[in-house]
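Close look at the chain arrangement
Residue strings, one per chain:
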Amino acid sequence: VQLQASGGGLAQAGGSLRLSCAGTGRTFSSYIMGWFRQAPGKEREFVAAISWTGGSTNYADSVKGRFTISRDNAKNTVYLQMNSLKPEDTAVYYCAATRRLEFPPTGYDYWGQGTLVTVSS
C-alpha cells in the first residue's frame, strides 16, 4: 500500500486541524492504520491507531481527549482530527499501515511521507 498524507499547516493554540491519509489499492480495510509524529530534535512517537473496520482505537496519553482517529474504507482514507492544539503538538505527522493481526500492533510496515503541523502560541 502507498500512503499520502495531507492537511498539515499552521494553527493557533486551541485551534483545530484535520489530517488525511489516502491509501492505494483495494485492500485498504485489511490494514491497521496509525499516525505518528516527530518533533524537531525528538524521536518519532506514536499518536493514534485504528483497527481494520474502525471498531477499536488507541491513543497516546498526550493526545487523548483532543485527537480523534477515524477511517473511511470506501474512500481508502484515514483521518486525524486534532482539536485543542498545543504548541507541543508541532511536528511532522506520518501515517502508517500494517497487516499484522493484533491490535494495537507492535509495528508498522508501510509509511507515508510526512505533513507538517505547526501550532503557534
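Anyway, here's the lowdown on the structure attached to this text. In this text, all values refer to a predicted model and were calculated from it rather than measured experimentally. (Residues numbered from 1 in each chain as written. Predicted model: local features only at pLDDT ≥ 70, side-chain atom pairs only at ≥ 80, totals over all residues. Heavy atoms only, no water.)

1. Section: the overall build of the protein chain
A count of helical and extended segments in the protein chain gives zero helices and eleven strands. From first element to last, N terminus to C terminus, the protein chain shows the α and β order β-β-β-β-β-β-β-β-β-β-β. Taken along the three principal axes of its C-alpha coordinates, the protein chain extends 40 × 25 × 25 Å. Scored against the burial criterion, the 121 residues of the protein chain give a buried share of 43%. For the protein chain, the proportion of contacts with a sequence separation of at least 24, taken over those separated by at least 6, is 57%. Just so you have it, the protein chain exposes about 6,200 Å², and 47% of that area is on carbon and sulfur atoms. (Helix = DSSP H or I, 4+ residues; strand = E, 2+ residues; numbered from the N terminus. Buried < 20%, exposed > 50% of the residue type's maximum accessible area, 1.4 Å probe, protein only. Contact = heavy atoms within 4.5 Å. Areas by Shrake-Rupley, 256 points an atom, 1.4 Å probe, with all protein chains shown as cover.)

2. What about the nonpolar core?
By size, the foremost hydrophobic cluster in this structure holds 29 residues, and its most contacted members are Met 33, Trp 35, Leu 80, Met 82 and Tyr 93. Among the elements of the structure, strand E1 (3-6), strand E3 (17-23), strand E4 (32-38), strand E5 (45-50), strand E7 (67-72), strand E8 (77-82), strand E9 (91-98) and strand E11 (115-120) are those that each provide at least two residues to this core. Here this core takes four residues from E9, the largest share from any one element. The contacts of Met 33, once residues within four sequence positions are left out, are Leu 3, Cys 21, Phe 28, Ala 48, Ala 49, Ile 50, Ile 69, Arg 71, Val 78, Ala 96, Ala 97 and Tyr 108. Ile 32, Phe 36, Ala 49 and Ala 96 belong to the second largest nonpolar core, which has five residues in total. (Core = buried A, V, L, I, M, F, W, Y, C linked by side-chain atoms within 4.5 Å.)

3. Remarks on the sheet that holds E8
On the basis of which strands lie adjacent, the open sheet formed by four strands has the order E1-E3-E8-E7 and antiparallel pairing. Each having just a single partner strand, E1 and E7 make up the two edges of the open sheet. Going from strand to strand, the sheet's axes swing by 15° on average, the running direction of each strand aside. Two elements, E1 and E3, share four bridges in a ladder whose sense is antiparallel. Bridged to Ala 5 within E3 is Cys 21. (Pairing = 2+ DSSP bridges. Axes fitted to C-alpha atoms, helices over the stretch in contact; angles between N-to-C directions.)

4. Examining the packing of aromatic side chains
Within this structure, the stated rule accounts for five aromatic pairs. Relative to Tyr 110, the ring of Tyr 31 lies with its centre 5.9 Å away and its plane at 85°, an arrangement referred to as edge-to-face. Here the residue Tyr 31 occupies a position in the loop between E3 and E4, and Tyr 110 occupies one in strand E10 (residues 110-111), the gap between them amounting to 79 residues. Residue classification places Tyr 31 among the buried positions, given a relative accessible area of 5%. Their ring planes at 80° and their centres at 5.1 Å tell us that Phe 36 and Tyr 108 sit as a pair that is edge-to-face. Linking Phe 36 in strand E4 with Tyr 108 in the loop between E9 and E10, this pair joins segments that are 72 residues apart in sequence. Residue class for Phe 36 comes out buried when judged on its relative accessible area of 11%. (Phe/Tyr/Trp six-rings, centres within 6.5 Å; stacked < 30°, edge-to-face > 60°.)

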